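# Analysis of the macromolecular model
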Amino acid sequence: MRASLGRILAIVHKEVLQLLRDRLTFGMVIGIPLMQTVLFGYAINQDIRHLRAAVADQSGSQRARWLVADAEASQVVDVVAHVPTAEALEDLLRRGTVSVGIFVPEDFERRAAQGGRSAAQLLIDGSDPIVLQAARSLAELPLRDSGRAPPRAVPGAPAFELRPFYNPERRSAVQIVPGIIGVILTMTMTLFTAVAIVRERERGNLELLITTPVKTPELMVGKIVPYMGIGLIQQTLVLAVGSLLFRVPIRGTLFDLYLAGFVFVVATLGLGLLISTAVQTQFQAFQLTFTSFLPQILLSGFMFPFDGMPRPAQWIAEVFPLTHFVRILRGILLRGATLGEVSRDLWPLLAFFVVTMGLSVLRFRKRLD
């Protein structure tokens with residue numbers, strides 16, 4: 001028994017030493033719990049505040065300005081733009097520039113005086129049901145009958161009528177399926193290329209590649225090209241299932257959708273290639289892929305509302321490709337936006353690919369030297 005215990009302790013000692021030498025694994029033992037605790041405790045917030053809003057005030061009355069001021073004072077919305085018409089509000093919603101539109105009609109004062117019906121309208125981007133739920137609190141906002149503070153409400157005069165766009169039935173599948181495309185592509189594309197270089201090393205093929213005339217950029221491009229087609233096939237499968245089984249609408253053009261999907265695929269492949277140049281084993285590649293995937297799925301707006309996150313968390317999320325692709329997908333699929341209208345999220349994907357591809361080439365050259 002004593003001899004058996006001694007052998008077990010020897011194996012334990014060996015494993016501890018091996019773990020301490022493997023800095024990546026040891027770092028994940030500490031880093032993943034800390035990252036999850038910080039993300040869920042600080043960045044994830046279901047109590048949404050400060051939704052981006054635009055105002056179209058056609059009445060120009062003092063009471064209408066009081067109403068907009070009271071909406072901002074509730075901290076549910078932050079007014080970031082003023083436009084002349086309801087059509088302009090709908091255009092901003094379709095582009096994803098704002099989540100809420102406040103429309104005050106010309107006969108606002110008459111509506112407010114008559115009572116019994118809403119005096120203004122809230123145009124809501126319903127592609128995210130949580131945003132619609134947060135905006136509902138504004139429907140209970142009272143109309144002032146004076147500029148005094150605290151405001152005195154006009155009895156029986158509702159302030160806003162809610163008009164949810166893009167997902168009036170509030171079906172969860174309409175929100176989830178577009179994001180699922182980005183999540184699946186992020187996971188598979190990053191993982192496929194994360195093991196690309198290290199697999200060659202483990203199989204002993206890397207030395208053969210070094211002796212060939214293939215240049216480093218050519219090797220990197222050759223590694224990712226086959227997976228570009230795989231990524232588009234996966235996108236097609238999810239779109240087909242979502243449309244046939246869950247009746248997810250496709251309001252934009254398929255050309256715009258696939259062009260955006262192609263750009264996202266190459267961006268995630270670049271990330272996987274960079275991981276592949278930074279690790280020594282395929283196990284480490286799996287570890288880093290998971291570590292990079294976790295914050296993306298939590299901060300991208302796929303699972304939790306982006307507008308509910310603190311500003312520093314939003315700044316970090318803007319670095320991740322999935323954040324921009326989720327916006328593009330919801331814009332094209334649900335809101336019928338064109339690729340030009342969501343191009344502000346397309347350029348970061350191209351920039352991300354250029355940076356990760358450049359770093360991959362530099363790191364690989366350094367290793368060969």
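Preceding this section is the structure that the text describes.
Description of the structure in this document.

## Here we look at the overall build of the protein chain
Helix and strand counts for the protein chain stand at 15 helices and 7 strands. The buried share of the protein chain, reckoned over its 369 residues, is 49%. Considering only intrachain contacts with a sequence separation of at least 6, the fraction spanning at least 24 residues in the protein chain is 78%.

## Side note on the pairing of strand S4 (residues 120–125)
In terms of residue burial, S4 counts as a mostly covered element, since 6 of its 6 residues are buried. Burial along S4 is two-sided: Ala120, Leu122 and Ile124 and Gln121, Leu123 and Asp125, pointing in opposite directions, are all buried. Looking at chain direction, strand S3 (residues 100–104) and S4 are connected through 4 bridges and run antiparallel. Across the sheet, residue Phe103 finds its bridge partner in S4, namely Gln121. In this sheet, strand S7 (residues 160–165) lies alongside S4 in parallel orientation, the contact comprising 6 bridges. By the bridge assignment for S7, Gln121 is matched with Glu161.

## Side note on the pairing of S3
For a regular strand, the rule is simple: side chains alternate between the two faces of the sheet. Burial analysis of S3 places 5 of its 5 residues in the buried class, which makes it a mostly covered element. Residues of S3 alternate between two faces, with Val100, Ile102 and Val104 on one and Gly101 and Phe103 on the opposite face, all of them buried. Both strand S1 (residues 51–57) and S3 contribute to a ladder of 5 bridges, which runs parallel. If you follow Ala56 over to S3, its bridge partner there is Phe103.

## Looking at the packing of aromatic side chains
According to the stated counting rule, one finds 3 aromatic pairs in the structure shown. An angle of 5 degrees between the planes, with centres 4.1 Å apart, marks the rings of Phe264 and Phe325 as stacked. With Phe264 in helix H11 (residues 254–278) and Phe325 in helix H14 (residues 321–334), this pair connects stretches of sequence that are 61 residues apart. For Phe325, a relative accessible area of 0% puts it in the buried group. Seen from the ring of Phe306, Arg327 lies directly overhead, with NZ or CZ sitting 4.7 Å from the centre.

Rules and cut-offs
Residues numbered from 1 in each chain as written. Predicted model: local features only at pLDDT ≥ 70, side-chain atom pairs only at ≥ 80, totals over all residues. Heavy atoms only, no water. Helix = DSSP H or I, 4+ residues; strand = E, 2+ residues; numbered from the N terminus. Buried < 20%, exposed > 50% of the residue type's maximum accessible area, 1.4 Å probe, protein only. Contact = heavy atoms within 4.5 Å. Pairing = 2+ DSSP bridges. Phe/Tyr/Trp six-rings, centres within 6.5 Å; stacked < 30°, edge-to-face > 60°. Lys NZ or Arg CZ within 6 Å of the ring centre and 35° of its normal.

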